[in-house]
Amino acid sequence: TAERLAERIKADKSADKSCPRVEFAPDFAAAVAAVTSPAQPGDLILTLGAGSVSQLAPQILGVLEGGKRAEIPAEAGKKANTC
């Protein structure tokens, strides 16, 4: 699963731990919240994947252009890491 993949990447001993960049979001709402909450002017948000992930960009833009910060649901885990 995607959650298991994220856990394995985080656990990778060879990964650079000074800036963890892996975060699992259980659904689109949590993903949008995780990337928009810490976003600052000038930041680049890049979405990659296959299938319905293309639906995220309009949702992310809607939050950012609306000037609203999405709340991260409790089940989404920790806030996205930034460096």
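Check the entry above for the structure.
Residues numbered from 1 in each chain as written. Predicted model: local features only at pLDDT ≥ 70, side-chain atom pairs only at ≥ 80, totals over all residues. Heavy atoms only, no water.

Colleague: Looking at this structure, I do not really get the side chain of Ser37. What am I missing?
Modeller: Structurally, Ser37 is set in the loop between helix 2 (28-36) and helix 3 (56-65). Residue class for Ser37 comes out buried when judged on its relative accessible area of 17%. From its side chain, Ser37 meets the backbone oxygen of Ala33 in a polar contact 2.9 Å long. (Helix = DSSP H or I, 4+ residues; strand = E, 2+ residues; numbered from the N terminus. Buried < 20%, exposed > 50% of the residue type's maximum accessible area, 1.4 Å probe, protein only. Polar contact = N/O pair within 3.5 Å; in protein donor to acceptor, adjacent residues only side chain to side chain.)

Colleague: What should I look at first to understand the side chain of Thr36 in this one?
Modeller: Counting through the fold element by element, Thr36 comes out in helix 2. Within the local environment of Thr36, its side chain forms a polar contact with the backbone oxygen of Val32, the two atoms lying 2.8 Å apart.

Colleague: Looking at this structure, I do not really get helix 3. What am I missing?
Modeller: Residues separated by three or four positions in an α-helix point in the same direction, a consequence of the helix having 3.6 residues per turn. Along helix 3, the residues classified as buried are Leu56, Ile60 and Val63. One side of helix 3 holds all its buried residues, which, seen down the axis, span an arc of 65°. Opposite the buried face of helix 3, by more than 90 degrees, sit the exposed residues Pro58 and Glu65. Next to the buried residues of helix 3 lie helix 2. (Arc of directions from axis to C-beta. Contact = heavy atoms within 4.5 Å.)

Colleague: Is there a simple way to think about a nonpolar patch on the surface in this case?
Modeller: Residues Leu44, Leu46 and Leu48 make up a contiguous nonpolar surface patch of roughly 410 Å² in combined accessible area. Looking at the element boundaries, Leu48 is found in the loop between helix 2 and helix 3. The class of Leu48 is exposed, set by a relative accessible area of 69%. (Patch = residues over 30% accessible without salt bridge, like charges linked within 9 Å, V, L, I, M, F, W, Y side chains within 5 Å. Areas by Shrake-Rupley, 256 points an atom, 1.4 Å probe, with all protein chains shown as cover. Salt bridge = Lys/Arg side-chain N within 4 Å of Asp/Glu carboxyl O.)

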